[in-house]
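One-letter residues, chain by chain:
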Amino acid sequence: FKTACRPWCVNVTVIEEFRPRLRQYIVVQRVLDYIDFIENDQKERIRQKDRTEGNGAAVDLLISSVTKKPHSPGWFRAFVDALVHAGCEHAANYVQAKLPDPEVEAENDCCVRLIQLLLPSLVDMDSKTVCTQCYSAELLTQDDTEIVTTIENQGGQSGASELLRRIVRCPPGWFSKFLNVLRNTDHKRLYNELSGVSPDYEKMLSQKIGSEACTEEMSAGEESCDSIQYMETSTTENPQDEATGVTDQLCSSISESMDVSNNTDSEAAARVPEKADIVLRDYQMEVARPALEGKNIIICLPTGSGKTRVAVYITKKHLDGRRAEGKSGKVVVLVNKIPLVEQHYLAEFLPFLKHAYVVERVSGDSQLKISFTEIVKKNDVIICTAQILENYLERSNKGDDEGVNLSDLTLIVIDECHHTQKGGVYNHIMMRYLKQKNKNMRLKKEQKQPVPLPQILGLTASPGVGGATKMEKAEEHILRICANLDASKIMTRSLGEFTKEQRKIVVTVEDRKEDPFGDVIKKIMNAIHNHAELSPNCDLGSQSYEQWVVQKERKAATEENQKVRVCAEHLRQYSEGLNLSNTIRMRDSFGFLNKFYDEEIKKKTTPDEEQTIQITDTERFLFNLFKDNKEELQKLAENPEYENDSLSKLRAKILQEFSTRDAARGIIFTKTRRSAIALSQWIQENPKFADIGVKASYVIGGGDQSVVKPMTSAEQKDVLTKFGNGEVNLLIATTVAEEGLDIPECNFVIRYGLVTNEIAMIQAQGRGRAEDSSYTLVEVKNSGVAEKECVNEYRKTMMNKAIDKIRALNQADYDKRIIEFQMQSIMEEKVRMTKKKQKGVKNENPSEVKFSCRGCSKHVCTGEDIEIIENMHRVNLTPEFCELFIQRENTTLQERLLDYETNGFIACKDCGQRWGSMMLYRGIECPCLHVKNFVVTLSGKKISKCTKWSELAIKFSAFDYAEHASKIAESSDEEDSMTC
């Protein structure tokens, strides 16, 4: 128990607690020069992180490296000294828990926000002169000055931006010093803008300081300067005092303006400028009209045609109307992706509504979701991910106080509403709506008061046809979505003069005349087939082969046939390597395989290298097989003669777009996260692209289903911001960027070997919104994208015809079909819930489920040993279990969570098979199990496929935090007494 669950070091806890502050105040490149307890390779990784993802991401990696166990003696003092010597004293104070007064800290935060807000104006300065004065005022170090000067010499306003970035990291008190620097260097306009003082007042102030004899002029000036009277600035002989006074008043003003929502985070509200009244185009007003009359509708308009703006308009009119009637309004805007929360909040709803209504946003990344019930009560418009609303509707359904009812809301806006289908969270919410609607009909018949329900507004660019091949089925699919949303109409309209026609191009590719790299991989795969006595009946590397390998691996794991299981696992990697060589560079494929084998070999040694983990004959065969062919694969990977034709065609297309357009901006959609990252690297490393101004970056999804590290929503936002302001002009993206995200106007879109369905095709085409935009499809071997695209075009035409037929229906006939589908959905839901309850009744006793290692078939534990945290994380803290695993570092698990964090993983002590992660939950280290890494036996029967805990009908015991915490305290006391 002690080994896995001992208390976390106090110093580490303090560092982690103030990680956001340290990210703000640490300058990585400077600090690394003074740290000697981090290995040089890791230092270089941190520097590379700084170069590619910025100082904040590099600080995260630095902190993780510093707090990594085991700690070297004196590490904490060395870290503090490094911060001090690097000029990051403020960060050093936080690390040592020497915290500033809360009021001082709040004032400093306001000053930083003000600099960020006025940055576009402040960069218009003589940065060389200001830099010199800032050095004299001890706002910058010598190193800072040299870096700012170097960047300034490169031209543009980057020097001023860098200067400001470094100044705001100074300890509190820097703002008044900086104001004095601006005054002393004759930057009066910037001083006035930053301090909030008008030019007339500045002139008056100068006269006051120069002479005591102009009191009458001062009074006259005050009468004519109403705009500054609220500041109540007291003039003084000391410019330093005057600047400090301005600081206090500004921070007070900013704090007041941000205290709109009872101390909720309104930083964005302070930054976002208020926009004028919304003016809709004719086609927008036409599709909005039924909603303005209070009807439930779906608005179907192409991507980029202003659906969200229409929703804002409808929201405003809805709230205005209820206010005029003396009623309160409550609008919830639902989205299906976390980045969309911030996007809709900052770009649409807040700017147009902030002057009259209180707008807030809540997502899985936000602390506000904890008090979602209060947020709903205190705000007029709430933008949130759909799962949060569903969670609180369910709480209310269970009778919890902290819940939300549909009757609390007056309008629900559902973005990307085509997802309102079986199994989706949108549909769970709407099923509650439909059930209550059905109950209301019964209540009305009984002459009882019905429960009020909110108005529903759905938004989509394409409802799709649901895989239909006939018009009748396409109509049914769309009508079902209308029924699920209780829509009285589906509104669509031609954009007329605002329609933008795209040029569509399909680029075909030729097979390689020679593919020696692929031939070597296939030779290796056939050798593995022979060793494991496997006989595939499909092409190596194809999707059918991938499915065949997965089935073989699962069957072998269930049968405890480790020879076939391990071979199938390695074959899957080689299959992925083949696909990579057909999609991107051979060197990327080789790098992927080489990394896989490096990690597999690492699994066979413990972190302290004191114990060797067993290597079976099959594993030794597989390691030697790759080793014997590694040199040949590496040599072939570097030969451009054998590169795939798809990559050549993509290179030509990118060069064409950037050389024939004045300001090219485009998106390349690709299938996997790994290919998105590799394509971005390929472009960045190719000097031809740099010569014509290509600045590439990638954006990938935030889920953790893939072995590739996901992007956080903050990282996604950062890349999209750079794409919006031109720092990046070529975005390589997975399907995460197809739908919803507000990506600025592009003039070309390329789908690289990726075609899914007609909805995705329409969404991707919609990303090319600029005039004279092009949409190009580049084939990739074995992808069949050209054929799939033809099918999607057919389905798109079918969808538009189906919508037209539905809109032409008589309203009575339409209503009848909608009610039929709704009653069918309610009955299907009842059947589903009945089965679920029956399944719940059959919940097996935890003692009946046994877990064995997927890698070596060793018995690990039973269900009785497992506890569940927050109805989500299955953990095992028994002393017996803690003796069975080793702990390894996992640098990809660094995302900060609410009450827990994961920063390592656990693996079988015998074979190295990964079992799960080591989770720190409220100060207790908890080994967290991932069921996919085990063979599960339930009531004596092995389960061949169990990848999610939800697939196990077992009710585990709830985690008893108090009990475990008391055990830790007792063991700690015992250790202390023994020491004494």
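See the structure printed just above.
Calculation criteria
- Residues numbered from 1 in each chain as written.
- Predicted model: local features only at pLDDT ≥ 70, side-chain atom pairs only at ≥ 80, totals over all residues.
- Heavy atoms only, no water.
- Pairing = 2+ DSSP bridges.
- Helix = DSSP H or I, 4+ residues; strand = E, 2+ residues; numbered from the N terminus.
- Axes fitted to C-alpha atoms, helices over the stretch in contact; angles between N-to-C directions.
- Contact = heavy atoms within 4.5 Å.
- Buried < 20%, exposed > 50% of the residue type's maximum accessible area, 1.4 Å probe, protein only.
- Polar contact = N/O pair within 3.5 Å; in protein donor to acceptor, adjacent residues only side chain to side chain.

Draft legend 1. Representation of the sheet that holds strand 6 (residues 455-460) within the structure. The strand order across the open sheet built from seven strands is 3-4-2-5-6-1-7, with neighbouring strands paired in parallel fashion. At either end of the open sheet lies a strand with only one pairing partner, and these are strand 3 (359-362) and strand 7 (489-492). The sheet shows a mean angle of 20° between the axes of neighbouring strands, taken without regard to direction. Strand direction decides the pairing type here: strand 1 (residues 297-300) and strand 6, joined by four bridges, are parallel. Within the sheet, the bridge partner assigned to I299 lies in strand 6 and is L459. Its contacts with the sheet put helix 25 (residues 425-445) on strand 2 (331-335), strand 5 (411-414) and strand 6, and the angle it makes with strand 2 is roughly 145°.

Draft legend 2. Local environment of the side chain of Q716. Along the chain, Q716 falls in helix 35 (residues 713-725). For Q716, a relative accessible area of 3% gives the class buried. Polar side-chain contacts of Q716 include one of 2.8 Å to the backbone oxygen of I700.

Draft legend 3. Molecular detail of the pairing of strand 11 (residues 730-733). By the alternation rule, side chains of strand 11 split into L730 and I732 and L731 and A733, which are all buried. With four bridges connecting them, strand 9 (residues 666-669) and strand 11 associate as parallel partners. Bridge assignment links G666 to a residue of strand 11, and that residue is L730. Examined bridge by bridge, strand 10 (residues 696-699) and strand 11 share four bridges and lie parallel to one another. Pairing of V699 across the sheet is with A733, part of strand 11.

Draft legend 4. Structural view of the sheet that holds strand 23 (residues 941-943). Strands sit in the order 15-14-22-23 across an open sheet of four strands; the sheet is antiparallel. Only two strands of the sheet have a single neighbouring strand rather than two, namely strand 15 (859-862) and strand 23. In this sheet, neighbouring strand axes are inclined to one another by 30° on average, regardless of whether the strands run parallel or antiparallel. By the bridge criterion, five bridges tie strand 14 (residues 849-853) to strand 22 (residues 934-938) in an arrangement that is antiparallel. Each residue of the ladder has a partner; that of K850, found in strand 22, is T937.

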